Amino acid sequence: MVVLQAKLLAVKKAEEAATMDALRGDVAGSWGDQMRSYVLHPYQMVKDLRTEYEVGNPSPVFDGDLDGFVEAGIRWRKQREMAVRS
């Protein structure tokens, strides 16, 4: 009975690890990976490097207006999920 419980626990932990990996996605948190680019001189622009969404005025972005970036990210992720399913 103890062996069976150990095997069931191992299977459950493997399933939880797979679920966490699926939720985590392919995000690599290494040095040099960036999601957004901020250019302030000679012109001003904030650009999301994944979605190609860009804003010509960085001041609202610095103040927390990230709605456009969030929406573009959601659209990008859904589009990517549809491509994987096809």
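The written sequence of each chain sets the order in which its residues are numbered from 1. A pLDDT threshold of at least 70 governs which residues receive local features in this predicted model, and a stricter bar of 80 or more applies before side-chain atom pairs are shown or counted, although totals over entire chains, interfaces and linings include all residues. By convention in this description, side-chain values take in all heavy atoms of the structure and omit both hydrogens and water.

**Quick word on helix α3 (residues 67-85)**
1) Next: Helical segments are the DSSP runs of H or I of at least four residues, strand segments are the runs of E of at least two, and each set is numbered from the N terminus. Expected span, for any helix, means 1.5 Å times one less than how many residues it has. For α3, built from 19 residues, the straight-helix expectation of 27 Å at 1.5 Å per residue is met to within 8% by its first-to-last C-alpha distance of 27 Å.
2) Next: Burial classification: accessible surface area is computed with a 1.4 Å probe over protein chains only, and a residue below 20% of its type maximum counts as buried, one above 50% as exposed, and the rest as partly exposed. Residues G68, F69, A72 and G73 constitute the buried set of α3. The arc enclosing the buried residues of α3, seen along the axis, measures out at 130°, which places them on a common side. Within α3, the exposed residues directed more than 90 degrees away from the buried face are D67, R75, K78, M82 and R85.
3) Next: Two residues qualify as a contact provided that any one of their heavy atoms is within 4.5 Å of a heavy atom in the partner residue. Structurally, α3 contributes buried residues whose contacts are with β1 (36-39), β2 (45-48), β3 (54-55) and α2 (58-62). What the arc describes is the spread of directions from the helix axis to the C-beta atoms.

**With respect to the sheet that holds β2**
1) Next: Spatially, three strands are ordered β1-β2-β3 in an open sheet, and the strand pairing comes out antiparallel. The open sheet terminates on both sides in strands that have one partner only, identified here as β1 and β3. Note: two strands are recorded as paired if DSSP finds a minimum of 2 bridges between them.

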